[in-house]
Amino acid sequence: MRRHLFGLLPLLLVSAFCSSAQAADPVVIRFSHVVASNTPKGKAAEKFKELAESRSQGQVKVELYPNSQLYKDREEMEALQLGAVQMLAPSLSKFGPFGVREFEVFDLPFIFPDKSMLYATMDGEVGNRLFRKLEPKGVKGLAFWDNGFKQMSANRPLHEATDFKGLKMRIQSSKVLEAQMKALGANPQVMAFSEVYSALQQGVVDGTENPLSNIYTQKMHEVQKHLTLSNHGYLGYAVIVNKKFWDDLTPNIREILEKAIKETTTYERDIAQQENDNALAKITAAGTTTIYTLTSQQHESWKQALLPIQTEFQNVVGKDNIDAINKLVKKGTSKK
Ligand code: LMR
């Protein structure tokens, strides 16, 4: 017996060594996204990496994959569910094909007069409700990140709501955005973000919408002659993780990551507007695109064309969500 145990000793030592080596292996978070690194989302992803790695003293390693280098829009959602990546921050317009169309409440044109109401919506009852809907799909929502209000571009001036007639406009995979382009008389085309530049260049589509930071960093202004500062809709993000991955973390690591996300969210919301303002300055300086600001009369005519979508889509995005937003907006505007 003694001899037998003695014979086992090297094996026991090897296995003790292996398990301590395993315990020292860092938790790896593969974080994929579709935009450039010098955008609000790209910079926030870098900030999160820095905080998560330093605060965990190397117990967490964050691998960033920007610019669709790993997955395009739709593929990244599938990769998250399968556990091929652990973290994403898709735009709120991309949750429809995932089966949670309520996220498209953020796509409703002209629903948010300013960002304070947006943050109140994201961080309150509506945001919580949306995140709860992700859990049965194996996904957990951690935070909402900002980008900004969207602007319209094309190779034709877009001043009146009627100027969109017949244009092929690239949209994200959202039914609300589809209805928005149809209400303007345009022909919406769903397309992955990574394909927009070449589609515009080759004339596969005539125009698009995005916040300025995305337009500039993807060089869309180089292939769009006209840009209208319309602020007609909003684009933001939900930071999401694979739920099983998250639940399996040790409480200590989870707490470190939760704090890192919270701090990153404050940072991200602080820089988003500045990034968009910088992009406007750079697009202006590039001189490739005529930039137009709507008159108040034109703004009103866009609103008239697009506001009915709120009622048409209340069953899709949830009347409770629209009502909650309108209540916040009323409260916010009465304070001013
Ligand atoms: C788009 O597809 O137009 C944007 O949502 C990309 C992004 O993530 O900002």
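Residues numbered from 1 in each chain as written. Predicted model: local features only at pLDDT ≥ 70, side-chain atom pairs only at ≥ 80, totals over all residues. Heavy atoms only, no water.

1. Quick notes on the sheet that holds strand β1 (residues 27–32)
Strand-to-strand pairing in sheets goes through backbone hydrogen bonds, with the strands running parallel or antiparallel. On the basis of which strands lie adjacent, the open sheet formed by 5 strands has the order β2-β1-β3-β10-β4 and mixed pairing. Where the open sheet ends on each side, the last strands, each with one partner, are β2 (60–65) and β4 (139–149). Note that β4 and strand β10 (residues 234–242) share 9 bridges and pair antiparallel. Considered in β10, the bridge of G141 is made with I240. Where helix α4 (residues 115–123) meets the sheet, it contacts β4 and β10, and its direction lies at approximately 175° from that of β4. Packing of helix α5 (residues 125–134) onto the sheet brings it into contact with β4 and β10, and relative to β4 it is tilted by some 135°. (Pairing = 2+ DSSP bridges. Helix = DSSP H or I, 4+ residues; strand = E, 2+ residues; numbered from the N terminus. Contact = heavy atoms within 4.5 Å. Axes fitted to C-alpha atoms, helices over the stretch in contact; angles between N-to-C directions.)

2. Notes on the pattern of salt bridges
All chains considered together, the criterion is met by 21 salt bridges. Salt-bridge contacts for E63 lead to K61; the nearest nitrogen and oxygen are separated by 3.6 Å. With a relative accessible area of 21%, E63 lands in the partly exposed category. Linking K150 and E209 is a salt bridge whose minimum nitrogen-to-oxygen distance equals 3.1 Å. (Salt bridge = Lys/Arg side-chain N within 4 Å of Asp/Glu carboxyl O. Buried < 20%, exposed > 50% of the residue type's maximum accessible area, 1.4 Å probe, protein only.)

3. Comments concerning the site of the ligand
Taken together, V34, V35, K41, S91, K94, R170, Q172, F193, N210, N214, L235 and Y237 make up the full set of residues near the ligand. The contact in question runs from an oxygen atom of the ligand to an N or O atom on the side chain of K94, over 2.6 Å. Here an oxygen atom of the ligand sits 2.5 Å away from a polar atom, N or O, in the side chain of Y237. Protein coverage of the free-state accessible area of the ligand, which is 270 Å², stands at 100%. When its residues are assigned to classes, the shell around the ligand shows 5 nonpolar, 4 polar and 3 charged. (Near = heavy atom within 4 Å. Polar contact = N/O pair within 3.5 Å; in protein donor to acceptor, adjacent residues only side chain to side chain. Areas by Shrake-Rupley, 256 points an atom, 1.4 Å probe, with all protein chains shown as cover. Nonpolar A, V, L, I, M, F, W, Y, C, P; charged D, E, K, R; others polar.)

4. Points about the environment of E312
In this fold, E312 is placed in helix α12 (residues 308–312). Measuring from C-alpha to C-alpha, the distance between E312 and K331 comes to 24 Å, with 19 residues separating the pair along the chain.

5. Section: helix α3 (residues 73–82)
Those residues of α3 not exposed but buried are D73, E76, M77, A79 and L80. Taken down its axis, α3 places every buried residue within 165° of arc, on the same side. Summarising the geometry of α3, the exposed residues directed more than 90 degrees from the buried face are R74 and L82. The secondary structure elements touched by the buried residues of α3 are β1, β3 (87–88), β4, β6 (168–171) and β10. (Arc of directions from axis to C-beta.)

6. A short note on the confidence of the model for the protein chain
Per-residue confidence for the protein chain gives a mean pLDDT of 93, with 92% of residues at or over 70. When the criterion is pLDDT under 50, residues 1–22 qualifies, and its contacts beyond four places in sequence or with other chains add up to 0 contacts. (pLDDT = per-residue confidence, 0-100.)

7. Concerning the nonpolar core
If you look at the biggest cluster of nonpolar residues, it comprises 53 residues, and the most contacted ones within it are F103, F106, L108, L134 and I240. Setting aside residues up to four positions removed in sequence, F103 forms contacts with L92, F95, L130, F131, L134, F144 and A238. F31, V34, F48 and L257 belong to the second largest nonpolar core, which has 40 residues in total. (Core = buried A, V, L, I, M, F, W, Y, C linked by side-chain atoms within 4.5 Å.)

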